[in-house]
Amino acid sequence: MEINKDLIAASSTPIVLAILAEGDSYGYAILKRVRELSGGRMEWTDGMLYPVLHRLERLGHAEARWDVAESGRRRKYYRITSGGRAQLAEEHRQWQAVDATLRGIWGVLTLPVPGSNPASAAPLPQGA
Amino acid sequence: MPAPDHNDSLEEQINQWRTYLGRRQAIHSVDVAELEDHLREQIAVLADAGLTTDEAFLVAVKRMGDPDAVSREFAREHSERLWKQLVLSSSDTGEPLSAARTDAIAAFGVAASAAAAIKLPALFGIGLDTNPSFYVRNASVLVLPLLTGYFAWKRRLDTGTLRWLAVAFAAAAVFANVFPFTPRGHTEVLTALHLPIALWLALGIAYAGGRWSEVAGRMDFIRFSGELVIYYILIALGGGALTAFMGMIFKAIGIDVERFFASWLLPCGAAGGLVVASWLVEAKQSVIENMAPVLTRLFTPLFAAVLVAFLGTLVWTGRGVDIERNALIAFDVLLMVVLCLLLYSISARDPRSSPGTYDVLQVVLLVSALLADAVALWAIAARITEFGFTPNRVAALGENVILLVNLAWSAGLYIRFLRGRASLAVLERWQTDYLPVYVVWAAIVVIVFPPLFRYV
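Residues numbered from 1 in each chain as written. Chains lettered and ligands numbered in written order. Predicted model: local features only at pLDDT ≥ 70, side-chain atom pairs only at ≥ 80, totals over all residues.

This next bit is on the overall build of chain B. What chain B contains, in helices and strands, is 16 helices and 0 strands. Principal axes of the C-alpha set define a box for chain B whose edges measure 95 × 60 × 55 Å. Out of the 456 residues in chain B, the part that is buried amounts to 29%. Residue pairs in contact within chain B that sit at least 24 positions apart in sequence constitute 81% of those at least 6 positions apart. (Helix = DSSP H or I, 4+ residues; strand = E, 2+ residues; numbered from the N terminus. Buried ≥ 20, exposed ≤ 12 C-beta atoms within 10 Å, placed from the backbone. Contact = placed C-beta atoms within 7 Å.)

Looking only at helices and strands, one finds 4 helices and 2 strands in chain A. Ordered by position in the sequence, the α and β elements of chain A form the string α-α-α-β-β-α. When burial is assessed residue by residue, chain A has 22% of its 128 residues classed as buried. Across chain A, the fraction of contacts at a sequence separation of at least 24, relative to all contacts at a separation of at least 6, is 48%.

How big an interface is tends to be expressed through the accessible area that disappears when the partners come together. At the interface, 14 residues of chain A touch 17 residues of chain B. Within the residue set of the side of chain A that touches chain B, elements represented by two or more residues are α2 (27-37), α3 (46-59) and β2 (74-80) of chain A. Take the side of chain A that touches chain B: its biggest share by element is 7 residues, from α3(A). For the side of chain A that touches chain B, the per-class residue count stands at 4 nonpolar, 4 polar and 6 charged. (Nonpolar A, V, L, I, M, F, W, Y, C, P; charged D, E, K, R; others polar.)

Each α-helix turn comprises 3.6 residues. Residues three or four places apart therefore point the same way. All names here are of chain B. Under the 1.5 Å per step criterion, the end-to-end length of helix α7 (residues 159-177) is 27 Å for 19 residues, consistent within 8% with the ideal 27 Å. Three or more residues of α7 are buried, namely Leu165, Ala172 and Ala176. Projected onto a plane normal to the axis of α7, the buried residues spread over an arc of 25° and lie on a single side. Facing away from the buried surface of α7 by more than 90 degrees, the exposed residues are Thr159, Gly160, Arg163, Val167, Ala170 and Val174. For α7, the secondary structure elements touched by its buried residues are α6 (132-155) and α8 (186-208). (Expected span 1.5 Å × (residues − 1). Arc of directions from axis to C-beta.)

Bringing the nonpolar core into the picture now. Within the largest apolar cluster, 78 residues are counted, with the highest numbers of intra-cluster contacts made by Ala114(B), Val143(B) and Val275(B). Of the residues that make up this core, three or more belong to each of domain 2 (94-284) and domain 3 (292-422) of chain B. Ranked by size, the runner-up nonpolar core spans 28 residues in total, among them Leu31(A), Trp44(A), Ile27(B) and Met64(B). (Core = buried A, V, L, I, M, F, W, Y, C linked by C-beta atoms within 7 Å. Domains from an automatic or database assignment.)

This part is about the domain arrangement of chain B. What the domain assignment lists for chain B is domain 1 (3-82), domain 2 (94-284) and domain 3 (292-422). The straight-line distance from the C-alpha centre of domain 1 of chain B to that of domain 2 of chain B is 49 Å.

With that settled, the discussion passes to the pairing of strand β1 (residues 62-68) of chain A. All names here are of chain A. In this structure, β1 lies alongside β2, joined through 7 bridges in antiparallel fashion. In the sheet register, arginine 65 faces β2, and the bridge partner there is tyrosine 77. In textbook terms, the turn of a hairpin is the stretch between consecutive antiparallel strands, and for β1 and β2 this stretch comprises 5 residues, one of which, glycine 72, has a positive phi near 95°. (Pairing = 2+ DSSP bridges.)

Residue and element names in this part refer to chain B. Mapped onto the elements, alanine 304 comes out in helix α11 (residues 292-317). Looking at alanine 304, the number of C-beta atoms within 10 Å reads 22, which means it is buried. Leaving out residues up to four positions away in the same chain, alanine 304 has contacts with Leu361, Val364, Leu365 and Ser368.

Time to look at the environment of Ile197(B). Residue and element names in this part refer to chain B. Tracing the chain through its elements places isoleucine 197 in helix α8. Distance from isoleucine 197 to valine 439, taken between C-alpha atoms, is 6.3 Å for residues 242 residues apart in sequence. In this view, isoleucine 197 contacts Tyr438, Val439 and Ala442; residues no more than four positions away in its chain are not counted.

Contact geometry of α3(A) with helix α2 (residues 29-48) of chain B gives a least axis separation of 11 Å together with a crossing angle of 135°. Accordingly, the angle class assigned to the pair α3(A) and α2(B) is oblique. Considering the relative orientation of α3(A) and α2(B), their crossing is right-handed. Of the residues in α2(B), those in contact with Asp46(A), Gly47(A) and Tyr50(A) of α3(A) are Asp31(B), Glu34(B), Leu35(B) and His38(B). Looking at the contact of α3(A) with α2(B) residue by residue, the classes come out as 2 nonpolar, 2 polar and 3 charged. (Axes fitted to C-alpha atoms, helices over the stretch in contact; angles between N-to-C directions. Parallel < 35°, antiparallel > 145°, perpendicular 65-115°, else oblique. Left-handed = near helix turned anticlockwise from the far one by under 90°.)

With respect to the helices and strands, Asn15(B) occurs in helix α1 (residues 3-22). Linking Asn15(B) and Glu36(B), residues 21 residues apart in sequence, is a C-alpha distance of 9.6 Å.

All right, on to the confidence of the model for chain B then. Detailed reading of the predicted coordinates is not advisable wherever pLDDT is low. Residue and element names in this part refer to chain B. The predicted model of chain B has a mean per-residue pLDDT of 86, with 93% of residues at 70 or higher. Here residues 88-95 is a poorly scored stretch, pLDDT under 50, and it has 6 contacts once near neighbours within four places are set aside; other chains count. Of the two predicted TM-score estimates for the complex, the pTM is 0.71 and the ipTM is 0.79. (pLDDT = per-residue confidence, 0-100.)

A separate point is helix α14 (residues 391-418) of chain B. Residues and elements named next belong to chain B. End to end, α14 covers 40 Å across 28 residues, agreeing with the expected 40 Å (1.5 Å per residue, within 8%). Inspection of α14 places Pro391, Ala395, Ala396, Glu399, Asn400, Leu403, Leu407, Ser410, Leu413, Tyr414 and Phe417 among the buried residues, and these make up the whole buried set. Turning to α14, the residues buried within the fold contact α8, α12 (327-347), α13 (357-387), α15 (424-447) and α16 (449-452). Of the residues one or two after α14, glycine 420 is the one with positive phi, at around 75°.

As structure tokens, then:
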């Protein structure tokens, strides 16, 4: 499923922060976790995760350290900071508000079922 | 088992990918290392799932995303990286940093010594205010040996060369001080102006560090000199702002700093600034675009337009060149500017690329400058006996002839290049081979002129 770029950009901060809140992690593992959590529905371009991590680091939401992984390679690990936890709580609050609003409106609206042919909803030409 | 062969080719592929990514300004080498760790893990997972290493590599690279898009994303997060930073060179490994630090410490040490050297004569009772002409004559003898020494240390010159450089500076010190100059006379001013030019060769030999015999070595020194002038001017502007500010705030509390400024800050700053500017040029040469060729490109069309307009007006109105006493110097300066424009445009040019409009412009500039100078020389030749041969006039005439010969030959070579008969490398060789001519002439002015004109 294609998810709009703006939506991916907006949701990347809370998702990454939440994954880091589960425990220290690094780029590849974070992406793997995103794939698991979304059931494969959210596909990020791998390279794009790193600028997000660097932004969190710059804003003080996460701190990074270089360590040697079990593979013997040097690896950059990220850890959430207290500022990051506060930011995560704030994001959580905001996303819940957005989610609640959308749920409210999804309930009253009847939308075409995803995957069905939109043309069938249009009235058929009469007496053709 | 597909072991070593496949692993080698994988390493090779990862190497290529790493250099390809590393070439991007916004992605630093630590980031490449982080992305490489990701890539390797991805490849390992895919290979476990049954892909061959080649396939795994391709898929992993594809998942990493379009390098341009990723680099754009990095640039958005690290926008400061698009501005090349001279001071921020710490992002890479530690080893070159310590070398850079040693170099910086050495440079600032030499700058401090140069500042001290300019005040050294004051210890022996030769004050800047009591004997200014001593400083005018000796400024280059006091400062340039230190700058030359800095490059001699940096390039690890052999003792044979060092000995020759020492002899040159000793000779310079002798000729600057041994003649009984008339105070503020013409020959004294000529010595003060020409001694730095002659000593510039010594600096060049130290700078080139054994590559002086090569065209490329001398060309590097020409590039260095151009950048040095620009950096020195920038430092001087900063120094001017600093002293103006200092004067203002001290005036507010009723203290006049003019004496301190004139006898300490200005001479020491001017001497130390030269060394700092040289160090900056060296430190930034691969980090920041060279400025001299950029200015050259900006001003070559403008100077060409002014000269063509001048010649056109000359022909249209039929006026002769009104030769005043200083007209010759004005035309010397014109030729010098044109020479600099030529030098710095070829110094930045890829000698293999074929001629373009800019090259035609360059030839227009050269030919019009030569014509303007020829008109001036013709007017001077007609009246030289009337004016008499003063040392200033002979020096200016000699310089004019030297520059004229250089530019005439250069114009010929450039036209041959435009017509596809010769490469620009010939012009580069001609220019770098010509450097000693200026030095020899400057040395003649310093050594022969004072006795020849009875020290007037």
